[in-house]
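Observations on the model geometry
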Amino acid sequence: MLTLLSMFYYICLRRRSRSGTRGEALTSRRAVESSQRAVLPVSVEVEQYAKEVLDFSSHYGSENSMSYTMWNLAGVPNVYPSSGDFTQTALFRAYGTWWEQCASAPPPFRRTPKGFYSQDYIEVGFEEPVYPTGVDVLETYYPGAVVQILACSHNPFSQNPPTDVRWEVLWSGEPTKVLTPQARQFSPTIKHINFPTNLLRLEVNSSLLNYYTELDAVILRGVKERPMLALYKMPMIDISDLSDSEEELSDVGGPFRQGGAGSGYFDKLPYELIQLILSHLTLPDLSRLAQSCKLLHQHCCDPLQYTQLSLQPYWARLNDAALGHLQSRCTLLQRLNLSWTGNRGALTLTGFSSFLKACGLSLVCLELSCCHFLNEACVEVISETCPGLQELNLSSCDRLQPPSFTHISKLTRLRRLVLYRTKIEQTAILTILTFCIELRHLNLGSCVMIEDYDVVASMLAARSSFLRSLDLWRCKNLTDRGLLELVSGCRMLEELDLGWCPTLQSSTGCFQNLARGLPRLRKLFLTANRTVCDSDIEALATCCPSLQHLDILGTRLVSSASLKKLLQSCPQLLLLDVSFCSQIDTRAVQELSGVFPNVSIKKSFTQ
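Residues numbered from 1 in each chain as written. Predicted model: local features only at pLDDT ≥ 70, side-chain atom pairs only at ≥ 80, totals over all residues. Heavy atoms only, no water.

Observations regarding helix 13 (residues 510-517)
Restricting attention to buried positions, one finds in helix 13 the residues C510, F511, L514, A515 and G517. Here the buried face of helix 13 lies against helix 12 (480-489), strand 17 (495-497), strand 18 (523-525) and helix 14 (534-543). (Buried < 20%, exposed > 50% of the residue type's maximum accessible area, 1.4 Å probe, protein only. Helix = DSSP H or I, 4+ residues; strand = E, 2+ residues; numbered from the N terminus. Contact = heavy atoms within 4.5 Å.)

Considerations on helix 12
For helix 12, the full list of buried residues reads G482, L483, L486, V487 and G489. Packed against the buried residues of helix 12 are helix 11 (453-463), strand 16 (469-471), strand 17 and helix 13.

Remarks on the pairing of strand 8 (residues 197-204)
The side chains of a regular strand alternate, residue by residue, between the two faces of the sheet. Judged by how many residues are buried, strand 8 sits mostly within the fold: eight of eight residues are covered. Alignment of strand 4 (residues 120-141) against strand 8, held across seven bridges, turns out to be antiparallel. The partner of E123 across the bridge, within strand 8, is R201. (Pairing = 2+ DSSP bridges.)

Side note on the sheet that holds strand 15 (residues 441-443)
Overall, parallel pairing links the 12 strands, which are arranged 10-11-12-13-14-15-16-17-18-19-20-21 in an open sheet. Looking at strand neighbours, the two that pair on one side only are strand 10 (308-310) and strand 21 (600-602), the edges of this open sheet. Here the strands of the sheet are splayed against their neighbours by 5° on average, with no regard to which way each runs. Pairing of strand 19 (residues 549-551) with strand 20 (residues 575-577) involves three bridges; the strand directions are parallel. The residue of strand 20 that forms the bridge with L550 is L576. (Axes fitted to C-alpha atoms, helices over the stretch in contact; angles between N-to-C directions.)

Here's the deal with the packing of aromatic side chains
Working definition: an aromatic ring pair is given by the centre-to-centre distance plus the angle between the planes. This model, assessed by the stated rule, comprises 20 aromatic pairs. Ring centres of Y141 and Y211 lie 6.2 Å apart, and the angle between their planes is 75°; on these two criteria the pair is classed as edge-to-face. Note that Y141 is positioned in strand 4 and Y211 in the loop between strand 8 and strand 9 (214-223), a separation of 70 residues in sequence. Across the pair, Y211 and Y141 agree in class, each one buried. Members of the aromatic cluster, each reached through a chain of ring pairs, are Y60, Y68, Y95, W98, W99, Y141, Y142, Y211, Y212, W473, W500 and F525. Cation over ring: R93 sits above W473, and NZ or CZ is 3.5 Å from the ring centre. A cation over an aromatic ring shows up here: R201 above the ring of W315, its NZ or CZ 3.7 Å from the ring centre. (Phe/Tyr/Trp six-rings, centres within 6.5 Å; stacked < 30°, edge-to-face > 60°. Lys NZ or Arg CZ within 6 Å of the ring centre and 35° of its normal.)

Nothing here speaks to function; it is all geometry.
Rendered as structure tokens:
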């Protein structure tokens, strides 16, 4: 009896509260706000520079120096307010659209949300957690790449492991092309969040820029006490909340039911046509639609909708549970993008292994860039559960220990392998090259733990005759002997990156041999090789008519006359970087650009 009376009393109170006027509700809310304003302390805004760079997807610089590296983003500005190309700034590895047009670039994933523009990221930690009131990014060259700024609830300097990591977007926007490359302070209006943070993430898209964007510092402004607005902010009162009606919502899936009134004969459409219509939805929309009715649930969960799956745009929310939820739908999965996901405990070996064991049999492409949850056991699972894998991207998985890479040699059907900024050692790469003889694209850029690149080049020449692209960016010990073997054995090469390889000397004739031995060459990077000379350029003009991208930044021995001959002989040339070439001044660049307007000739400056 007492229970029945209590329930009746509760219902009366509930109906009484719902029958109050909107004015009374607003008056009550103002009273709460007024009382909270009276007791809140006033906080002083704190301004701080980044204490430490914690993670990033790529950088132009070397792993063993500070020039052009992401680590330059920590601390006070080194360059700002000056403009130009300075080694003390932070640069990402790529810019423009030409990078994605190379043969080594994989095709884009379907169902990528239109609002996801991010191509690279950097995470920076600050000394004191604050409630953000503003973020300033000091851009010193070709600004406009930042497309998203996020804040994290986890304190990266805490000794306790994170339990519930939460990311909130402070600001987001489309990539822009600023009219001038001059320095600027980018200070977008940010959203207020209800937790303090000392971990920010900047995501960038440099596709619209004419050259590398350069960042100098990040400033986080905020207060240590929770702002008043965050404390007394309450949900806006909706007029429907004041209604006395207790009716339930109608079944939103009703119109699509077979035989349902107003169905418009949707269920009579061919199964394949409905599948085609649904293929244009993003993954979250597909999941929501699956909850509307049985018919659409069947279509939305069909494994044919999940032959390609890019989870990179949802990196902040993906965990073991979400991956497990998708598992039953991905039995026909062929291409999977997990790049940037799973960090700070979001994905575990158990969740990752379970998913691959259920969905890895048909997998041909696996993107795992910047996945720091990976360990040796994860790589072993990949090698055992994905026998048909043809593409594997472990770019910037720099916490993966050297023994892990030996398992890759079991993936004998590999055609594309990206190991940029990993700790792979010489023994492991030689083993991979021994067994993976179908390789077409190989990226060993910034792999500093390989002791002798001449030995690697010799193995490539012997085992990888079908190789089309090779990235040896910043390898420190490749000599003319290794390059000669490489060119003689891999004659189908179309892309070759030898940027910042200081042990190659033009006087040995290695670059002329390269030009004569690789007639299919489309992209060649000889960045920062001071010895490249006119005879090398003339050899490229004579032997490589299909050349599209050439980077000779920093050479002191190339004249504008040889460049003119190159431009005349290579009609497909799109990009020519002659920055810091002492014999090529701004006037020469302007003259060449006037004669060859279809070629983007790059010439950076400092001031």
